[in-house]
Number of protein chains: 2
Amino acid sequence: MPTPRPRGPKAVKMDPRTLLDAALKVFARDGLEGASLRAIAREAGCDPSLIYYHFENKEAMFSALLEERIPPLVKDLRRLADPLDPRGTAEKLWTAMRCFHRHLHDSAGFRAMVRGQIVRGAETIPEQLARRLRPAQFAVIAIIRRGLRRGELRPGLNPYLVGLFLIRMEAEILDLVPVFAERLSGLKPTVAVAAAECTWFDVFWRGVAAHPMEPLPFLESL
Amino acid sequence: MPTPRPRGPKAVKMDPRTLLDAALKVFARDGLEGASLRAIAREAGCDPSLIYYHFENKEAMFSALLEERIPPLVKDLRRLADPLDPRGTAEKLWTAMRCFHRHLHDSAGFRAMVRGQIVRGAETIPEQLARRLRPAQFAVIAIIRRGLRRGELRPGLNPYLVGLFLIRMEAEILDLVPVFAERLSGLKPTVAVAAAECTWFDVFWRGVAAHPMEPLPFLESL
DNA sequence: CCCATAATTCAACAAGCGTTGAAAAAGGAC
DNA sequence: GTCCTTTTTCAACGCTTGTTGAATTATGGG
């Protein structure tokens, strides 16, 4: 019984970015498995087939989403990894973690993609994502290598694994802590996430630093 | 063109456990999203509808799978958390981590469930799983609390978060390290996972221990 | 030997998905 | 005013999924 909607151009044309925004909203609300083209179209207030006017197919749409969201993250991390940036390794790694927070916290669906979850109609997205995220991974590893050279990190640590620990735990915190926060501690999700990140970085840094007892002045405000 | 198979009972009747084993095999090979009833039936060499003779529906089948796999894990962890077990906190936490390894390493699909991934026809499974895994979580937390009381862990640490760090990173290692192992290090997956676990526990323990420099004799064989 | 029951397959259903081709309407060009 | 292009919706297709009811056959009891 859906009353038919008039065809033809609307007063305000549909911008592809509006569709991407709708997709992100559905991602955040219903996760990756809820992000069907019909759901995205409903969120954007249009017909599913309109998506095919603006994008080649679902995969291309998701690709455009990656194109929109990943380069800023990579840019931030590259700047951080620049050897000319004089900050210490602890502060750089903390900032790298917060970078991931900034770029991933608003979309569980995005994190599910990062995790490699497969979606019908967008099967090659996990591979694409891994490829495009590699520069981000390399930037983190570069920071860690520099920390090893400068003697700020314990010798013998595998930079790849250290980077994996730092970043994947950040993603886990963003996924899990908001769910349990209110039940366990009565804290607001954002506060609980911030507290968990501080605890995690504290544990992480003591675990990898060559001199873990030296104070971390950049963390004092917390 | 599929030549019809004879109906009626076979020489060897189908055991529900055989179906569960087939489901686990599909989980390990194709992950959670590949585990359709048709795929499981194909693996077990029977018709999908036979599953409905032995289980009420897909959800009940997955439930039975949890019933089969979770209690042994919980039992192991409860024994470990028993205050009468005199081992130190470091060894207990290492053993707890290895418990999760033992019970989860063979099934990426199972880990995806633990992660809360949703599956059509088994929508309530993540909630069930979380509920049934809670005793495991509590056991780990109990170990950590004891460690805090005995002064083996740094005071002020949140036991819930510390447990989360230890266990979720183990799951991440099982998910990610095998994929990258051969490309990055040329190591066999099992060896790479073992090495990553050692590195992780080393970092973790230095991060949470009150006296991280004391040697860990139980780790010396590695 | 007959019959009830247990175990199995088959064919079909409805729902959801990504996708496509055609129809409709608005806006600008001439 | 007419026509062409752009933007939009609609209806349908083919596929996969969980699920069901009927048909079929082997087995064991009386």
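Whatever comes next refers back to the structure up there.
Residues numbered from 1 in each chain as written. Chains lettered and ligands numbered in written order. Predicted model: local features only at pLDDT ≥ 70, side-chain atom pairs only at ≥ 80, totals over all residues. Heavy atoms only, no water.

Colleague: Is there a simple way to explain the nonpolar core in this structure?
Modeller: One broad trend across soluble globular proteins is that nonpolar side chains are buried collectively. Grouped together as the largest cluster of nonpolar side chains are 152 residues, with contacts concentrated most on W200 of chain A together with W200 of chain B. What W200 of chain A contacts, discounting residues up to four positions off in sequence, is M97, F165, L166, M169 and I173 of chain A together with F165 and W200 of chain B. (Core = buried A, V, L, I, M, F, W, Y, C linked by side-chain atoms within 4.5 Å. Buried < 20%, exposed > 50% of the residue type's maximum accessible area, 1.4 Å probe, protein only. Contact = heavy atoms within 4.5 Å.)

Colleague: Can you walk me through the side chain of E170 of chain B in this structure?
Modeller: Residues and elements named next belong to chain B. Along the polypeptide, E170 turns up in helix 8 (residues 159-185). R98 provides the closest opposite charge to the buried, unpaired E170, separated from it by 5.9 Å. Looking at E170, its side chain comes within polar contact range of the side chain of H101, at 3.5 Å. Excluding its chain neighbours within four sequence positions, the residues that come into contact with E170 are M97, F100, H101 and E197. (Helix = DSSP H or I, 4+ residues; strand = E, 2+ residues; numbered from the N terminus. Lys, Arg positive; Asp, Glu negative; His and termini not counted. Salt bridge = Lys/Arg side-chain N within 4 Å of Asp/Glu carboxyl O. Polar contact = N/O pair within 3.5 Å; in protein donor to acceptor, adjacent residues only side chain to side chain.)

Colleague: Explain the relation of the copies chain B and chain A to me, please; I cannot follow it from the model alone.
Modeller: Each of the two copies of the chain can be brought onto the other by a rotation about an axis and a shift along it. For the pair chain B and chain A, the best superposition has an RMSD of 0.1 Å and corresponds to a rotation of 180 degrees with a translation of 0.0 Å parallel to the axis. Considering both components of the superposition, the chain copies are consistent with a two-fold axis. No C-alpha of chain B lies nearer the rotation axis than that of G207 of chain B, which sits 2.2 Å from it. Comparing interface residues between copies, 100% of those in chain B also lie at the interface in chain A; the contact surface is shared. (Least-squares fit on C-alpha atoms with pLDDT ≥ 70 in both.)

Colleague: Where do I start with the protein's contact with DNA strand D in this structure?
Modeller: Around DNA strand D there are 28 residues in total, and R5 and Y53 of chain A together with Y52, K58 and R120 of chain B lie nearest to it. The contact atoms of DNA strand D, taken as those within 4 Å of the protein, divide so that sugar and phosphate hold 63%. Within the side chain of S49 of chain A, an N or O atom sits 2.7 Å from a base nitrogen of DNA strand D. Listed by contribution, the elements that provide at least two residues to the surface near DNA strand D are helix 3 (48-54) of chain A together with helix 2 (37-44) and helix 3 (48-54) of chain B. The leading source of residues in the surface near DNA strand D is helix 3 of chain A, at 4 residues. Of the residues contributing to the surface near DNA strand D, the split by class is 11 nonpolar, 7 polar and 10 charged. (Near = heavy atom within 4 Å. Nonpolar A, V, L, I, M, F, W, Y, C, P; charged D, E, K, R; others polar.)

Colleague: What should I look at first to understand the pattern of salt bridges in this one?
Modeller: All names here are of chain B. A full pass over the atoms with the stated rule returns 32 salt bridges over all chains. The residue E43 makes a salt bridge to R29 at a minimum N-O spacing of 2.3 Å. Of this pair, E43 sits in helix 2 while R29 sits in helix 1 (residues 16-30), and the two are 14 residues apart along the sequence. Classification of E43 by relative accessible area gives partly exposed; the value is 30%. A salt bridge links E197 to R98, with the nearest nitrogen and oxygen atoms 2.6 Å apart. Placement of E197 in helix 9 (residues 189-208) and of R98 in helix 5 (residues 89-104) is noted, with a sequence separation of 99 residues between them. Taking the relative accessible area as the measure of exposure, R98 reaches 29% and is therefore partly exposed.

Colleague: Explain the environment of H211 of chain B to me, please; I cannot follow it from the model alone.
Modeller: All names here are of chain B. In this structure, H211 sits in the segment after helix 9. The partly exposed category is assigned to H211, whose relative accessible area is 48%. As for H211 and R154, which are separated by 57 residues in sequence, their C-alpha atoms are 8.2 Å apart. Other than its neighbours up to four places away in sequence, H211 contacts G151 and E152.

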